[in-house]
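Each chain, letter by letter, is given below.
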Amino acid sequence: MSHSTVPRSTTEAKRKTPREKTPVASGDATGSPGSGRSGKLSLKVRFRRDRVLLLMTLPAVVLVLLFNYVPILGNVVAFQDYDPYISDNGVVSILNSPFVGMENFQRIFEDSAFWNAVQNTLILFFLQLVLFFPIPVLLALLINSVVRPRIRAVSQAILYLPHFFSWVLVIAVFQQLFGGAGIFSQLLRQHGYDGLDFMTDPNTFPLLITAQSVWKDAGWGIIVFLAALASVPPDLYEAAAMDGANRWRRMWHVTLPALRPVIALLLVLRVGDALTVGFEQILLQRDMVGPGAAEVLDTFVWWNGVRNQDFGYAAAAGLVKGVVSLGLVLAANKVAHLMGEQGVYKK
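Presented here is an overview of the structure given in this document. (Residues numbered from 1 in each chain as written. Predicted model: local features only at pLDDT ≥ 70, side-chain atom pairs only at ≥ 80, totals over all residues. Heavy atoms only, no water.)

It is worth spelling out the nonpolar core at this point. Among the nonpolar cores identified, the biggest contains 21 residues, and L124, F205, V277 and I282 are the most heavily contacted of them. The element contributing the most residues to this core is helix 9 (residues 167-178), with 4 residues. Ignoring anything within four residues of it in the chain, the contact list for I282 reads L124, F205, I209, V277, A294, V296 and T299. Within the second largest apolar cluster, 15 residues are counted, among which are A140, I222, L229 and L259. (Core = buried A, V, L, I, M, F, W, Y, C linked by side-chain atoms within 4.5 Å. Buried < 20%, exposed > 50% of the residue type's maximum accessible area, 1.4 Å probe, protein only. Helix = DSSP H or I, 4+ residues; strand = E, 2+ residues; numbered from the N terminus. Contact = heavy atoms within 4.5 Å.)

Next up, the structure:
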């Protein structure tokens, strides 16, 4: 039996001796220079520490300021009878254009064409939210269940490919398939039926727009969900399988809870983008079905601002759209917080 070489009385004396206090630098509770009383680093010290990262992000910050925040100042046009031909300098034109107050907004709310654009925008938004938004989640679950990596890679490539097509090419493909002289109509005529032209039918136009969006962008939307699925620990699936859970129960109790934060975040962003339902896509098909069925807020702003040269009226419509979109983001983010998710930002 071994004994300690240090006497017991000496050890007990050290235990009873109060701990010596280490000197702390003045003005710092943690001993690091440049810190305040609460232990936080001062702004000067943090800037010196992160100066390389700040320099790396400076070009991106400058671009965001120039192209996202500086143009916000141009919203003053919504309160003016703006005339860009007063001067070659846009700033001088804004300063010299007459101020009309809320007249442009009053015209908007009394314009039946504006409310028709709002109605078409909301119809397209709800259709895409119900029919288009769940499809990337289902495709991600389907691809994630494929065992062979080669088949999974080929499937991803095939689904991604339409995203890189321009809207002109996408509409041309649909025209060849579902137009009046398309393949579908020709097959119907060959079998004794009347041909159908979905491309010029105002009643089916919302479904046509949704189908085009699904075909073009559903494959691209699964990237985020596949990344979220890759972060799920395999131990959870193994534990669920040991407990007797089949494939559907593992997907319901393991996979979907792992995707719920991502789904909540993308849903908030999608709701905030509700009033933007595809400007280029709809503008290319606007004349085929008429403005009564194809006019949305973005094309309404473009038509009145660029084609009719009524810049103040168009700017007022765009400002109303921006304010409503901001309110939708805040409301959707609040719902995400009530559901226990983080959303776009924390509480």
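Structure's up, so let's keep going.
Attention shifts here to the environment of L127. Its location among the elements puts L127 in helix 6 (residues 112-132). Assessed through its relative accessible area of 23%, L127 is described here as partly exposed. The spacing of L127 and I209 is 82 residues in sequence and 9.5 Å in space, taken between C-alpha atoms. Excluding residues that lie within four positions of it along the chain, L127 makes contacts with F132, P206, L207 and T210.

Time to look at the side chain of D298. Mapping D298 onto the fold places it in helix 17 (residues 297-307). D298 sits in the buried class, given a relative accessible area of 15%. In this structure D298 touches L275, T276, V277, F279 and K321, once residues within four positions along its chain are discounted.

We now examine the packing of helix 6 against helix 11 (residues 205-230). The contact between helix 6 and helix 11 brings their axes to 10 Å, and the two run at 45°. Our classification of the angle between helix 6 and helix 11 gives oblique. For the element pair helix 6 and helix 11, the recorded crossing hand is right-handed. Together, I123, L124, L127, Q128, L131 and F132 of helix 6 and P206, L207, I209, T210, S213, V214, D217 and A218 of helix 11 make up the contact between the two elements. The residue makeup of the contact of helix 6 with helix 11, split by class, is 10 nonpolar, 3 polar and 1 charged. (Axes fitted to C-alpha atoms, helices over the stretch in contact; angles between N-to-C directions. Parallel < 35°, antiparallel > 145°, perpendicular 65-115°, else oblique. Left-handed = near helix turned anticlockwise from the far one by under 90°. Nonpolar A, V, L, I, M, F, W, Y, C, P; charged D, E, K, R; others polar.)

A separate point is the side chain of N104. Position of N104 relative to the elements: it lies in helix 5 (residues 103-109). Using a relative accessible area of 5% as the deciding quantity, one classes N104 as buried. Within the local environment of N104, its side chain forms a polar contact with the backbone oxygen of A78, the two atoms lying 2.9 Å apart. Polar contacts involving the side chain of N104 include one to the main-chain carbonyl oxygen of Q80, which spans 3.1 Å. (Polar contact = N/O pair within 3.5 Å; in protein donor to acceptor, adjacent residues only side chain to side chain.)

When the C-alpha positions of N104 and D310 are compared, they lie 10.0 Å apart, and in sequence the two are 206 residues distant. N104 has contacts with V77, A78, F79, Q80, G312, Y313 and A316, leaving out every residue within four places of it along the chain.

Counting across every chain of the model gives 17 aromatic pairs. Ring geometry for F114 and W115: centres 5.3 Å apart, planes at 75°, overall edge-to-face. Accessibility expressed as a relative area gives 44% for W115, which makes it partly exposed. Aromatic side chains F184 and F198 sit 6.1 Å apart centroid to centroid with 40° between the ring planes, which places their arrangement in the tilted category. One end of the pair, F184, is in helix 10 (residues 183-190); the other, F198, is in the loop between helix 10 and helix 11, and 14 residues separate them in sequence. Given a relative accessible area of 34%, F184 falls into the partly exposed group. Taken together, the aromatic side chains of F165, F174, F178, F184, F198 and W215 make up a single cluster linked through ring pairs. Sitting over the face of the ring of W167, K216 holds its NZ or CZ atom 5.1 Å from the ring centroid. (Phe/Tyr/Trp six-rings, centres within 6.5 Å; stacked < 30°, edge-to-face > 60°. Lys NZ or Arg CZ within 6 Å of the ring centre and 35° of its normal.)

Its identity as a non-glycine residue notwithstanding, Q309 has a phi of 60°, on the positive side. Assignment of secondary structure puts Q309 in the loop between helix 17 and helix 18 (311-338). A relative accessible area of 35% means that Q309 is categorised as partly exposed.

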